[in-house]
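Summary of the model geometry
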Amino acid sequence: APVSVTKICCIGAGYVGGPTCAVIALKCPHIQVTIVDLNQARVDAWNSPDFKLPIYEPGLVDVVKQARGRNLFFSTDVDKGIQEADLIFVSVNTPTKKSGVGAGFAADLNYVESATRRIAAVAQSSKIVVEKSTVPCRTAESMRTILEANSRPGTRFDILSNPEFLAEGTAIEDLFKPDRVLIGSLQTPEGLDACQSLAAVYANWVPTERILTVGLWSSELSKLAANAMLAQRISSINALSAICEATGANIDEVAHAIGFDSRIGPKFLRASVGFGGSCFQKDILNLVYLSESLHLPQVAAYWRQVVDMNEYQKRRFSKTVVDTLFNTITGKHIAVLGFAFKADTGDTRESPAITLVRDFLQERAYVTIYDPQVDEAQIWLDLAEALPGVPLENIKKQVTLAPSALDACKNKEAVVIATEWKEFRDIDWAAVYAHMNKPAFVFDGRLLVDADALRKIGFKVTTIGRGQ
Ligand code: NAD
Ligand code: UGA
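Reading guide: rules and limits
Residues numbered from 1 in each chain as written. Chains lettered and ligands numbered in written order. Predicted model: local features only at pLDDT ≥ 70, side-chain atom pairs only at ≥ 80, totals over all residues. Helix = DSSP H or I, 4+ residues; strand = E, 2+ residues; numbered from the N terminus. Expected span 1.5 Å × (residues − 1). Buried ≥ 20, exposed ≤ 12 C-beta atoms within 10 Å, placed from the backbone. Contact = placed C-beta atoms within 7 Å. Domains from an automatic or database assignment. Nonpolar A, V, L, I, M, F, W, Y, C, P; charged D, E, K, R; others polar. Pairing = 2+ DSSP bridges. Near = placed C-beta within 6 Å.

On to helix 8 (residues 189-202). Counted at 1.5 Å a residue, the expected span for helix 8 with its 14 residues is 20 Å, and the 20 Å between its end C-alpha atoms agrees. Within helix 8, burial applies to A194, C195, S197, L198, A199 and V201. The elements touched by buried residues of helix 8 are helix 1 (17-27), strand 4 (87-90), strand 5 (127-131), strand 6 (157-161), strand 7 (181-185) and strand 8 (211-215).

This part takes up the domain arrangement of the chain. Taken domain by domain, the chain holds domain 1 (7-206) and domain 2 (308-463). Here the C-alpha centre of domain 2 lies 37 Å away from the C-alpha centre of domain 1. Across the boundary between the two partners, domain 1 contributes 7 residues, which contact 7 residues of domain 2. Taken together, the residues of the side of domain 1 that touches domain 2 break down into 4 nonpolar, 1 polar and 2 charged.

Mapping G467 onto the fold places it in the segment after strand 14 (460-463). Taking the C-alpha atoms as reference points, G467 and A242, 225 residues apart in sequence, are found 9.3 Å from one another. Excluding residues that lie within four positions of it along the chain, G467 makes contacts with C244, E245, T247 and G248.

It is generally the case that most residues other than glycine have a negative phi and that most peptide bonds are trans. Backbone torsion omega between K438 and P439 reads -5°, so that peptide bond is classified as cis. Of note, P439 is situated in the loop between helix 18 (429-435) and strand 13 (441-444). Notably, F268 is not glycine yet its phi reads approximately 60°, a positive angle. Secondary-structure assignment places F268 in the loop between helix 10 (251-259) and helix 11 (280-293).

All right, on to the pairing of strand 12 (residues 414-417) then. Here strand 12 shows a buried face lined by A414 and V416 and a second buried face lined by V415 and I417. Sheet topology places strand 9 (residues 333-337) next to strand 12; 4 bridges connect them, and they run parallel. Bridged to A335 within strand 12 is V415. Note that strand 12 and strand 13 share 4 bridges and pair parallel. Residue A414 lies in a different strand from strand 13, and its bridge partner there is F441.

Let us look at the site of ligand 1. Near ligand 1, the surroundings consist of 27 residues, among which G12, G14, Y15, S133 and T134 are the closest. When the residues that make up the shell around ligand 1 are grouped by side-chain class, the tally is 12 nonpolar, 11 polar and 4 charged.

Structural data, given as structure tokens:
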């Protein structure tokens, strides 16, 4: 029969483990939730008395304030967390492999494996082990082999897949009202019981018709599939934006017109400088690698093109900036507004802003960056990584960080909008204009500002997906 879960441990206190399990704790006061991580600084931040949490996410502080110390705990004692729990989420990072077999494509499952081995090594009673991390199809099989080969007699492990679909910036909203919760299990009596145990946790706040239960492999693949299809929509609209720019069609109007077809729908059709974030590219490359391993080269090539189109879109945008600024930006001063990969997050992983700034620096421009949430140290780290071999002192000769959007734009030739922060739409553009060198250019990489209103002020405006 399904066990009633009373203690949950989550391994990995990151963007997914933190918010997901904080919300479980909030919605299930009868369940003790302990989130463990090896990273002491991260755990300390989650425990900070003034709630300076390690990630910025609207609404997250409120959730943690209500639950922390009541039934929500953060700790570096991974072993104790594992031993006490009946159900363990594995929510560690699964980045793209940087070397070895599958480098540049395959997911690095080293963190998942070490977490799994730790569970096997220290568990003294039976556990339900839940893959929360995004993993290649059939990873649960490897986890099961590791757990079974290393377990003590009398302990049993049931493995579930429960991928997370939250988007950063709206994580708390998404967790409160998920479109669906997906749980995959083996279709054995024990597997189905474990599935029911986890479903009962979510049923504390999620309507049961939104809790979908499927086979393990379908669940694992559905996560990669969902991200691949979402990213594909963006690459499709971005590919169309290039046609718009060349023809005088307007991508906003095209997106509006096609989005009215109820089969297509209006969401996720905003043309941009390219998608970023820690997952879209990683998960598609993972799918490409999986397809190749399965001897399906045409399938691999199909998905690969979604990433290639995104790279093209970023390159195309940098080139437009150079072309428009009279074919050279050497020695020119450019303000880059936004460094996060999307609005309402401080996360910069795979942010298109990094690529743009790198391109501008390689053209020997001076760049001033402003982002309302990204830490300065993070910007330096990202730029150092994007320009390997260039000493940070040299990068700092070309890049400055500004305390506000208006400061960033002062005495510049051009403003590039790289992240769709609402505050960039609402800044006093007339004041910005007054402080800029003339002619003053705006490059809107996010379809954020009212281009006509800016032109009336005097700006020369270039927008993705609109002919000039
Ligand atoms: P993250 O890097 O923010 O967090 C992972 C955490 O796991 C880190 O703090 C790390 O220290 C910890 N960790 C790694 N190995 C450990 C171990 N053996 N024991 C204890 N702690 C360990 O990553 P994230 O963004 O939270 O992503 C986690 C997973 O969720 C990934 O597979 C990702 O693809 C997936 N995912 C992410 C998002 C998102 O929006 N970021 C959304 C859905 C799914
Ligand atoms: C995405 C998915 O939306 C989540 O469902 C998924 O759980 C998550 O990946 C994951 O697996 O990590 P996230 O990357 O946080 O979430 O944010 P999105 O809102 O999807 O945005 C991704 C990128 O696409 C951003 O750079 C965003 O600016 C860009 N984007 C999004 C567009 O360019 N146009 C759009 O219409 C939508």
